[in-house]
Amino acid sequence: MDNLTSNGIGRMRRNVLLRTCAVGFPFSRKLTAHKSCVNSLSFSRNGGRWLASAGDDFRVQLWDFNQDDVRCPSQTYAGPAVTAHQSDNGLQGNVLSLDFSATNQYLIRFDISRLAVGSGLEICPAQDVYRRHDDSVRSVSAHPHKDDVFLSASEDGKIILHDARVDRRLSSAQGTVQHATEFTGVQTHPTMEHIFATSDCHGQVCLRDTRMAFGPLSSRSNEGIVQNYNTKLSKRSLSYLSNPETSSIVFDRDGSKLAVTMLHWFPTIYAVSDPHPLAVLTGKNNPDGSPVNFGERTYSNSCTMKSGAFGGPGVNEDILYGAGSDDFRGYVWKIPDLSTLLGLRQEINADEWMSHEWSGACAYSESQWGTRYIPFQIDAPLCRLNGHRSIVNAIAMHPSLLHIVTSGIERHVFLHSPTPVSPVAAQLSETPVETRRLGDHALEDSVRFQRALLEGPHPTLHEEIDDAGDDEEAISLFDHILRQEGGGDVFTLRHSGGNEDSDIEDDHLVVNMMDSPTPS
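Rules behind the numbers
- Residues numbered from 1 in each chain as written.
- Predicted model: local features only at pLDDT ≥ 70, side-chain atom pairs only at ≥ 80, totals over all residues.
- Heavy atoms only, no water.
- Helix = DSSP H or I, 4+ residues; strand = E, 2+ residues; numbered from the N terminus.
- Buried < 20%, exposed > 50% of the residue type's maximum accessible area, 1.4 Å probe, protein only.
- Contact = heavy atoms within 4.5 Å.
- Areas by Shrake-Rupley, 256 points an atom, 1.4 Å probe, with all protein chains shown as cover.
- Core = buried A, V, L, I, M, F, W, Y, C linked by side-chain atoms within 4.5 Å.
- Phe/Tyr/Trp six-rings, centres within 6.5 Å; stacked < 30°, edge-to-face > 60°.
- Lys NZ or Arg CZ within 6 Å of the ring centre and 35° of its normal.
- Pairing = 2+ DSSP bridges.
- Axes fitted to C-alpha atoms, helices over the stretch in contact; angles between N-to-C directions.
- Salt bridge = Lys/Arg side-chain N within 4 Å of Asp/Glu carboxyl O.
- Expected span 1.5 Å × (residues − 1).
- 1 Å grid on protein atoms, 1.4 Å probe; cavity = no way out; pocket = protein on both sides within 12 Å on 5 of 7 lines; lining within 4 Å.
- Points joined across faces, edges and corners; volume = space filled by probe spheres on them.
- Nonpolar A, V, L, I, M, F, W, Y, C, P; charged D, E, K, R; others polar.
- pLDDT = per-residue confidence, 0-100.

1. Considerations on the overall build of the protein chain
Piece 1. For the protein chain, the count of helices and strands is eight helices and 35 strands.
Piece 2. Considering the protein chain as a whole, with its 520 residues, one finds that 57% of them fall into the buried category.
Piece 3. By sequence separation, contacts in the protein chain at least 24 residues apart represent 60% of the contacts at least 6 residues apart.
Piece 4. As displayed, the protein chain has an accessible area near 22200 Å², and 50% of this comes from carbon and sulfur atoms.

2. Section: the environment of L98
Piece 1. Here L98 shows up in strand 6 (residues 97-100).
Piece 2. Residues L98 and S139 lie 41 residues apart in sequence; the distance between their C-alpha atoms is 7.7 Å.

3. Structural notes on the nonpolar core
Piece 1. Ranked by internal contacts, the top residues of the largest apolar core, which has 37 residues, are L258, W265, I269, Y321 and W333.
Piece 2. Broken down by element, this core gets its largest block of residues, four residues, from strand 21 (residues 257-262).
Piece 3. Excluding its chain neighbours within four sequence positions, the residues that come into contact with W333 are P267, L281, T282, Y299, I319, L320, Y321, A323, I378, A380, P381 and L382.

4. Notes on the packing of aromatic side chains
Piece 1. Here the structure, examined in full by the defined rule, presents ten aromatic pairs.
Piece 2. Their ring planes at 20 degrees and their centres at 5.7 Å tell us that Y331 and W333 sit as a pair that is stacked.
Piece 3. Residue class for W333 comes out buried when judged on its relative accessible area of 0%.
Piece 4. Members of the aromatic cluster, each reached through a chain of ring pairs, are W265, F266, Y299, Y331 and W333.
Piece 5. Of note, R297 hangs over the ring of F328, and the distance from its end group to the ring centre comes to 4.5 Å.

5. Side note on the sheet that holds strand 2 (residues 38-43)
Piece 1. Ordered by their spatial adjacency, four strands build an open sheet running 2-3-4-5, and the pairing between neighbours is antiparallel. Each of the sheet's edge strands pairs with one partner strand only, and the pair in question is strand 2 and strand 5 (75-77). In this sheet, adjacent strand axes meet at a mean angle of 20 degrees when their direction is disregarded.
Piece 2. Pairing geometry for strand 3 (residues 50-55) and strand 4 (residues 60-64), over five bridges, is antiparallel. Bridge pairing in strand 4 links L51 to W63.

6. Section: the pattern of salt bridges
Piece 1. Tallying each qualifying case throughout the model produces 19 salt bridges.
Piece 2. The salt bridge partner of D64 is R49, with a shortest N-O separation of 3.0 Å. One end of the pair, D64, is in strand 4; the other, R49, is in the loop between strand 2 and strand 3, and 15 residues separate them in sequence.
Piece 3. Residue D64 is classed as buried on the basis of its relative accessible area, which comes to 8%.
Piece 4. Residue class for R49 comes out partly exposed when judged on its relative accessible area of 35%.

7. Structural notes on helix 7 (residues 472-485)
Piece 1. Spanning 14 residues, helix 7 covers 20 Å between terminal C-alpha atoms, matching the ideal 20 Å at 1.5 Å per step.
Piece 2. Two residues or fewer after helix 7 comes G487, characterised by a positive phi angle close to 75 degrees.

8. A look at the sheet that holds strand 26 (residues 330-334)
Piece 1. Strand order across the open sheet formed by four strands is 24-25-26-31, with antiparallel pairing between neighbours. Since the sheet does not close on itself, it has two edges, and those belong to strand 24 (309-311) and strand 31 (383-385), each with one partner. When the angles between neighbouring strand axes are averaged without regard to direction, this sheet yields 25 degrees.
Piece 2. Two elements, strand 24 and strand 25 (residues 320-324), share three bridges in a ladder whose sense is antiparallel.

9. With respect to empty space enclosed by the protein
Piece 1. Applying the stated criterion across every chain, the model contains two cavities of 30 Å³ or more.
Piece 2. In this model, the second largest cavity occupies a volume close to 30 Å³.
Piece 3. Every residue along the wall of the second largest cavity is listed here: F25, P313, M397, L401, L402, H403 and I404.
Piece 4. Per-class residue counts for the lining of the second largest cavity are six nonpolar, one polar and no charged.

10. With respect to the side chain of H403
Piece 1. Structurally, the position occupied by H403 is in the loop between strand 32 (392-397) and strand 33 (404-408).
Piece 2. The exposure class assigned to H403 is buried, which follows from its relative accessible area of 1%.
Piece 3. Setting aside anything within four residues of it in sequence, one finds H403 in contact with F25, A396, M397, H398, L415, H416, S417, S422, V424 and L428.

11. Digging into unusual backbone geometry
Piece 1. Located in the positive-phi region is N104, a residue other than glycine, with phi close to 65 degrees.
Piece 2. Residue position: N104 is located in the loop between strand 6 and strand 7 (106-111).
Piece 3. Notably, E223 is not glycine yet its phi reads approximately 55 degrees, a positive angle.
Piece 4. With respect to the helices, strands and loops of the structure, E223 is situated in the loop between helix 3 (210-213) and strand 17 (225-229).

12. Brief notes about the confidence of the model for the protein chain
Piece 1. Residues with a pLDDT of 70 or more make up 81% of the protein chain, whose mean pLDDT is 85.
Piece 2. For the stretch residues 81-91, pLDDT sits under 50, and the model shows 14 contacts to residues farther than four places along the chain or on other chains.
Piece 3. Confidence drops under pLDDT 50 across residues 498-520; counting only partners more than four residues distant or on other chains, this segment forms 42 contacts.

Here is the structure:
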């Protein structure tokens, strides 16, 4: 009876959550404290009392969601000093990734080429600073159980295992995986302490084991890889595969699902135990299921580094996935059960693929002559998050409250809610439904873009801006970039190499399948 009651309560909560989200999050508030773009958002573990936000202004802001009406950060951390040598080399301290340690004892932040750990939940001068990377650090991920252990991934091609316990530290070489190309993401598994996932700019997404990836050479094997995920795209009308760059990766709370954000493509959902994708999330339809009008902008990811997030406020599983978009909105999709998605996925052998037209179909394939997998396509988001005037890059869902936060090119964090009043926010404003139109080419935008190139690595940072100031400079800059780079076709921009026996990918080599040997 207890199990039946528990299951019934779980279903009720799930249904309430989905009904609420289907109505949308029509109320919001700007949380204003940053001076530039906000790149990363992270709620603390075990209840989500704290929201950490960070970006191009080198600061971490800590917002207390135990307050009755959160409006201002409770703590601010400006980060460690930058040396003249680092400044000359453009290593200025942009914070690209944040994570709380297992028991919230530490807040881990990675800047460009550095990591700082603040002790406790009062942000203070860095307890430890790590300078082992030689390029931008794209991602940091804390160990699920141990406060002193965490991983970092960098564009220098290194994954580094950090262990702050003096008696447990590996040598620099033993704690490093050196890769042939830039890493774009790393995530520790939330329940299996030895397992972690990585992504790189060639589109490779892997599941790895720390016991095989780190330590003396005698104990290492295959760079720790225990599974490669199928991320290459195939169209019947084209004679080559495409390998989108993976921008970021994230597990759901129990580690059964892995979401991959792909540049010039759509968020893709995998079961962790299955190398082939189960779902692709698009914005081709409106939340009510009707098609998006021709010419209307919808979900796309072409211009900035984005990170998605799973969530399920108040329920015991993550049934939602959210992501930011180039169309100035956030998107939230409902993710069906993995068993349902598996039943909806199509598997097509190479002969069948080549003998039919498959008009409009886009499949995933590990090789030119391999089986094609067409995951279930979820074209209608559960809801969209409005209010932004430029690109949305980051999203986080509160673990228990019906709040979603988003950020991006603007210097504000947007707090979204389905109601005008909540336990942590009073008198939220109604969010405008209409999104700002991306205007035609303007000479002023071009001038600002050229000026930004001359101003150095932080063209969107304006320390003199006050709380009432606007973001017109940054918005204009990224409008210009959107007009130049937005809407790119992944099959035009990313051609995968065709040598199946080689470990080296050529991102731009086009191999004609018609010239390949006929499969036996």
